[in-house]
Amino acid sequence: MGIEEYKDLLSSIGVDVEKHAKMMSAGLESYKKQFLSQPNRPKGMEYFDWFMSEIQGERIAEINRLRSQKKPAVGTFCIFVPEEIIVGAGGACYGLCGGSPATIPDAESELPRNICPLIKSAHGFKLQRTCAYTQSSDFIYGETTCEAKKKTWEILNKHHPVHVMNIPHMKREKDLKMWSEEIREFKEHIEEVIGKKLTLEEMKNGTKIINEKRDALQRLDALRGMNPDVIPISGKDGLFITQMGFLDDPVRYTQKVNQLCDELDERVKNKISVFEKDTPRLMVLGTPFAPPNWKLHTAVESTGGAIINEESCIGHRYYKDNVDLENVEDEETFIERLMQRYSKVDCACFTPNTPRIDKILKMYKDRQVDGVIYYTLSFCHTYNVEAHLVTQALEKEGIPCLVIESDYSAEDIGQIKTRVEAFLESLAFKKKAKKFKGIR
Ligand code: BJ8
């Protein structure tokens, strides 16, 4: 079905249907150009292509059907949201639109120009009423990870209900205790929305669903990057699948990711790669890629490189840890386990954040990568400042790194491509030299 068929639904939830249709057709066009033209895509991508066509249609209808049964719908811009509780309540937890430059001019009527584009884009979507996910949500989950987000919630709350969770910036015992309390409060907020108490079994069931989804993404991650001679899927498709994991129904999504992984498994066995032999293998580190932010991946993969992993919140940081449900017999222990899992997230909002650096070095070695790109959104102070510590550690290990700071505009695409090209040339040169010396 096309978006046209959902016009009545979209207008009933307050979407500006005309503007929304224009935006969607531009988005679908850009998707077609950047994704469908790739050679030798796995057959399993057909589902994700279909999902893209229904992203603001059938999926929105599904979410609104849940809401009509008094199930919660929660939108978020951050992976600290305890989605296990929402899914346990039978509801939907999803990422909100925040990756397009088209809504930024509107946002700048209320927000300063010099803050991160993700926040401005997201705020603009609400002001324009062009994100059907925002319009479908009972509330937006906000957190206190960075200054710009924290203050934006106060303004956004005037247009849409926001529940703010206080995320500590250190991980001392007293901080973790507070974190558990915040999770408990979040659970109570969900109970208010649905008008009933949640049982431990329901929450454990939601956790199993999300653990399985993260398992499937870990499997995809390994298939993308752990076989040095084969890259069975493009980085762009890998990123897109991960992005869709923040929107799709988690049970269906897990099944589709696993199906695709079966196909990739075969490709690895048969050495079917989507890139030519010796294409430089790159890992991307840093801030999240909210759809339709495909700028860096398109620049790299159209210039002769392959991205095999994203050390990002739309990536490895999201799925690397699961919630341990072993011997969880009461709510207290359950909340504690959720907190333990979430406190392993190594967002740059924490100080110190050294486990992130150790993890990056390990990921680099495990995946036999040729180089890394440290990507940060403009004006993201935490990731921008942390770049210094990360690049210093990389340098010490002799790991080639390119730092790119960018926003959502198309203005710097040429410049990014030129810098990536030069970086890839130097990597190709190093690769040849290593081969000559007989080292991989
Ligand atoms: S856990 S990375 S999703 S906060 S909004 S911090 S880019 S200036 S998104 Fe994030 Fe959660 Fe951390 Fe991940 Fe910077 Fe922009 Fe802030 Fe951002």
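Criteria and cut-off values
Residues numbered from 1 in each chain as written. Predicted model: local features only at pLDDT ≥ 70, side-chain atom pairs only at ≥ 80, totals over all residues. Heavy atoms only, no water. Helix = DSSP H or I, 4+ residues; strand = E, 2+ residues; numbered from the N terminus. Rg over C-alpha atoms; globule rule 2.2 N^0.38 Å. Buried < 20%, exposed > 50% of the residue type's maximum accessible area, 1.4 Å probe, protein only. Contact = heavy atoms within 4.5 Å. Areas by Shrake-Rupley, 256 points an atom, 1.4 Å probe, with all protein chains shown as cover. Domains from an automatic or database assignment. Buried area = accessible area lost by both parts, 1.4 Å probe. Phe/Tyr/Trp six-rings, centres within 6.5 Å; stacked < 30°, edge-to-face > 60°. Lys NZ or Arg CZ within 6 Å of the ring centre and 35° of its normal. Core = buried A, V, L, I, M, F, W, Y, C linked by side-chain atoms within 4.5 Å. Salt bridge = Lys/Arg side-chain N within 4 Å of Asp/Glu carboxyl O. Axes fitted to C-alpha atoms, helices over the stretch in contact; angles between N-to-C directions. Parallel < 35°, antiparallel > 145°, perpendicular 65-115°, else oblique. Left-handed = near helix turned anticlockwise from the far one by under 90°. Nonpolar A, V, L, I, M, F, W, Y, C, P; charged D, E, K, R; others polar. Expected span 1.5 Å × (residues − 1). Pairing = 2+ DSSP bridges. Near = heavy atom within 4 Å.

## Concerning the overall build of the chain
Consideration 1: Secondary structure summary: the chain contains 19 helices and eight strands in total.
Consideration 2: Whereas a compact globule of 440 residues would reach a radius of gyration of roughly 22 Å, the chain reaches 21 Å, a difference of no more than 12%.
Consideration 3: Overall size of the chain, expressed as C-alpha extent along the three principal axes, is 70 × 50 × 45 Å.
Consideration 4: Looking at the 440 residues of the chain, the share that counts as buried comes to 58%.
Consideration 5: Nonlocal contacts in the chain, meaning residues at least 24 apart in sequence, comprise 76% of its contacts between residues at least 6 apart.
Consideration 6: Of the roughly 18700 Å² that the chain leaves accessible, carbon and sulfur atoms contribute 53%.

## Points about the domain arrangement of the chain
Consideration 1: One can read the domain layout of the chain as domain 1 (3-171) and domain 2 (206-321 + 347-437).
Consideration 2: Centre-to-centre separation of domain 1 and domain 2, based on C-alpha positions: 23 Å.
Consideration 3: Taken together, the contacts link 47 residues of domain 1 with 50 residues of domain 2.
Consideration 4: Between domain 1 and domain 2, roughly 4100 Å² of surface is buried when both sides are summed, and carbon and sulfur atoms account for 68% of that area.

## Focus: the packing of aromatic side chains
Consideration 1: Counting across every chain of the model gives 20 aromatic pairs.
Consideration 2: Here Phe-35 and Trp-294 contribute two aromatic rings whose centre-to-centre distance is 4.9 Å and whose plane-to-plane angle is 80 degrees, an arrangement assigned as edge-to-face. Residue Phe-35 is found in helix α2 (residues 17-36), and its partner Trp-294 is found in the loop between β5 (281-286) and α14 (295-301); the two are separated by 259 residues along the sequence.
Consideration 3: Taking relative accessible area as the criterion, Phe-35 reaches 0% and is therefore assigned buried.
Consideration 4: Joined through ring pairs, the aromatic side chains of Tyr-47, Phe-48, Trp-50, Phe-51 and Tyr-253 make up one cluster.
Consideration 5: Lying across the ring of Phe-35, Lys-236 places its NZ or CZ 5.6 Å from the centre.
Consideration 6: The ring of Tyr-342 carries Arg-341 above its face, with NZ or CZ at 4.6 Å from the centroid.

## Regarding the nonpolar core
Consideration 1: By size, the foremost hydrophobic cluster in this structure holds 141 residues, and its most contacted members are Phe-80, Tyr-133 and Trp-179.
Consideration 2: A domain split of this core shows at least three residues from each of domain 1 (3-171) and domain 2 (206-321 + 347-437).
Consideration 3: Residues within four places of Trp-179 in sequence aside, it is in contact with Phe-80, Met-165, Ile-167, Pro-168, Met-339, Tyr-342, Ser-343 and Phe-350.

## Examining the pattern of salt bridges
Consideration 1: Taken as a whole and assessed by the stated rule, the structure comprises 39 salt bridges.
Consideration 2: Taking the shortest distance from any N to any O, the salt bridge between Lys-269 and Glu-266 comes out at 3.4 Å. Here Lys-269 and its partner Glu-266 are both found in helix α13 (residues 250-269), three residues apart, which amounts to about one turn of the helix.
Consideration 3: In this structure, Glu-311 engages Arg-356 in a salt bridge whose closest nitrogen and oxygen atoms are separated by 3.0 Å. In this pair, Glu-311 sits in strand β6 (residues 306-311) while Arg-356 sits in helix α17 (residues 354-367), placing the two residues 45 residues apart along the sequence.
Consideration 4: Relative accessible area serves as the criterion here: at 0%, Glu-311 is assigned to the buried category.
Consideration 5: What makes Arg-356 buried here is its relative accessible area of 0%.
Consideration 6: Counted as one network, the salt bridges with shared partners bring together Glu-311, Arg-317, Asp-346, Arg-356, Lys-359 and Glu-386.

## Remarks on the packing of helix α3 (residues 45-53) against helix α12 (residues 235-244)
Consideration 1: Orientation of α3 relative to α12, taken along the N-to-C sense of each, is 55 degrees, at an axis distance of 11 Å. Looking at the two axes, α3 sits oblique to α12. Classified by chirality, the crossing of α12 by α3 is left-handed. In this structure, α3 uses Met-45, Phe-48, Phe-51 and Met-52 to contact α12, whose residues at the interface are Asp-237, Phe-240, Ile-241 and Met-244.
Consideration 2: Its residues assigned to classes, the contact of α3 with α12 shows seven nonpolar, no polar and one charged.

## Side note on α2
Consideration 1: Between its first and last C-alpha, α2 extends 26 Å over 20 residues, near the 28 Å set by a 1.5 Å rise per residue.
Consideration 2: Along its buried surface, α2 packs onto α1 (7-12), α3, α7 (117-128), α8 (132-136) and α12.

## What about the sheet that holds strand β2 (residues 92-95)?
Consideration 1: Pairing within the open sheet is parallel, and its four strands lie in the order β2-β1-β3-β4. Strands with a single pairing partner mark the edges of an open sheet, and in this sheet they are β2 and β4 (162-165). Neighbour-to-neighbour, the strand axes of this sheet turn through a mean angle of 30 degrees, independent of strand direction.
Consideration 2: Examined bridge by bridge, strand β1 (residues 73-76) and strand β3 (residues 139-143) share three bridges and lie parallel to one another. Looking at the pairing, Val-74 lines up with Phe-139 of β3.
Consideration 3: Relative to the sheet, helix α9 (residues 147-156) contacts β3 and β4, its axis offset from that of β3 by approximately 155 degrees.
Consideration 4: Most of the contacts of helix α10 (residues 173-194) go to β4, to which it runs at about 160 degrees, and overall it touches β1, β3 and β4.

## Let's talk about the site of the ligand
Consideration 1: Surrounding the ligand, one finds 16 residues, the nearest of these being Cys-78, Cys-146, Cys-313, Cys-347 and Cys-380.
Consideration 2: Its residues assigned to classes, the shell around the ligand shows 13 nonpolar, two polar and one charged.
Consideration 3: Taken together, domain 1 (3-171) and domain 2 (206-321 + 347-437) each give at least three residues to the shell around the ligand, which thus spans both.

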